[in-house]
Amino acid sequence: MLTASGRLAGRTWQNALDQGTSTAQVGRLLVEQGHLTQGELELCVLGATYDAAYFTLAPTMAPVEFLGGATHWLGPIAHIDPAAVNREVRRRTKLLDDIFPDARVDTAAVTPVARPPRERVTLTALQWELLVHADGQRTPADLALLLGRAGFATIQELRRLAALGLLELPEVRAEAPEFVRLPRARGTAVGVPRSAVRPDDVPTVPVVAGCGRRHHPRRHPSPALVEPVPAEESTANGTVYRPPRLARRKPGAKLPKEIAAEPPQTHPGTDEVLLKRIRTALRALR
């Protein structure tokens, strides 16, 4: 508590442990060297003792054994009557039950809720620290050790957060988030009329009617020998003709004169506005 809260530097505490642990004078060295006052040391010892007594003696069925004559390495700082310890444990138990009667909050991992149950929430400084450092894995004891806070004060604020609905309780914590289904669109979609395609309306492509070299020389093709044939139609010799592929052009090259001179064919069901945009794009490419 002293080092995590920043009251003592880590090297100061370690030097006191190295020098006074064997003789049980750690607390006396801290006071004599001016690092702590006697009142601060007694307050820390009483708080740590009562916190340990609450966790040890609060469960009525927990076995407890006292060892007489034992000396702590911190040294004789304060003497506490066992009856006072029992009274303090009962007082703390009642105080926590009045705030939120669920003892599982004291030991379960702390997990903040994903969404607060109200629009405005007022938090203390310790409550804010607890919510910021709670990651669903740290227990109240881990948070108290991390923040340098007293164990009972930490549990007290966690009970208040649970009463405000800002913590997920162990019994209602979900193992995995549920999938959220998006709302379906109401009503029906607008029907779009589609023209039925008949076998006679198969689009045709210009294909050469023969494949022999003597009839169709490659260097001088004759326009008279070009006729529209269905894309999957077979000729008398059984050859299936498909549309010819255009040679690849370099970026920025102009279209061949034969293709550029051909006017765009208008499909019966094409929108005029779309045709104008296509023509504009073709002019830009040229």
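> Can you walk me through the confidence of the model for the protein in this structure?
Do not read the predicted coordinates in detail wherever pLDDT is low. Here the protein averages 76 in pLDDT, while 64% of its residues score no lower than 70. At the level of individual helices and strands, the protein shows its lowest average pLDDT in strand β2 (residues 226-230), which scores 46, and its highest in helix α2 (residues 26-32), which scores 93. In the model, residues 185-192 has pLDDT below 50 throughout and makes 0 contacts with residues more than four positions away in sequence or in other chains. Counting contacts from residues 205-233, a segment whose pLDDT is below 50, to residues more than four positions away or on other chains yields 39 contacts.

> Can you walk me through the side chain of Arg 92 in this structure?
Mapped onto the fold, Arg 92 is located in helix α4 (residues 82-99). Under the relative-accessibility criterion, Arg 92 is labelled buried at 8%. Each residue touching Arg 92, except ones within four places of it in the same chain, is listed here: Tyr 50, Asp 51, Tyr 54 and Phe 152.

> What is the right way to look at the packing of aromatic side chains in this model?
Two measures describe an aromatic ring pair: the distance that separates the ring centres and the angle between the ring planes. Considering all chains together, one arrives at 3 aromatic pairs under this definition. Within the aromatic cluster, the residues linked to one another by ring pairs are Tyr 54, Phe 55 and Phe 152. Above the face of the Phe 152 ring, Arg 92 is positioned so that its terminal group lies 4.4 Å from the ring centre.

> Can you walk me through the packing of helix α3 (residues 38-57) against α4 in this structure?
The contact between α3 and α4 brings their axes to 9 Å, and the two run at 75 degrees. Relative to α4, the element α3 is oriented roughly perpendicular. Two secondary-structure elements touch here, α3 through Tyr 50, Asp 51, Ala 53, Tyr 54 and Leu 57 and α4 through Ala 84, Val 85, Asn 86, Glu 88, Val 89, Arg 92, Thr 93 and Leu 96.

> For this particular structure, what's the right way to read the nonpolar core?
Looking at soluble globular proteins, one finds that nonpolar side chains tend to be buried together. Val 105, Val 110, Leu 130, Leu 158, Leu 161, Ala 162 and Leu 167 are the most contacted members of the largest nonpolar core, which has 15 residues in total. Of all the secondary structure elements, the ones that give two or more residues to this core are α5 (125-133), α6 (140-147) and α7 (151-163). Sequence-distant contacts of Leu 130, defined by excluding residues within four places in its chain, comprise Leu 143, Leu 147, Thr 154, Glu 157, Leu 158 and Leu 161. One finds Leu 2, Leu 8, Leu 36 and Leu 41 within the second-largest nonpolar core, a separate group that totals 10 residues.

What counts, and at which threshold
- Residues numbered from 1 in each chain as written.
- Predicted model: local features only at pLDDT ≥ 70, side-chain atom pairs only at ≥ 80, totals over all residues.
- Heavy atoms only, no water.
- pLDDT = per-residue confidence, 0-100.
- Helix = DSSP H or I, 4+ residues; strand = E, 2+ residues; numbered from the N terminus.
- Contact = heavy atoms within 4.5 Å.
- Buried < 20%, exposed > 50% of the residue type's maximum accessible area, 1.4 Å probe, protein only.
- Phe/Tyr/Trp six-rings, centres within 6.5 Å; stacked < 30°, edge-to-face > 60°.
- Lys NZ or Arg CZ within 6 Å of the ring centre and 35° of its normal.
- Axes fitted to C-alpha atoms, helices over the stretch in contact; angles between N-to-C directions.
- Parallel < 35°, antiparallel > 145°, perpendicular 65-115°, else oblique.
- Core = buried A, V, L, I, M, F, W, Y, C linked by side-chain atoms within 4.5 Å.

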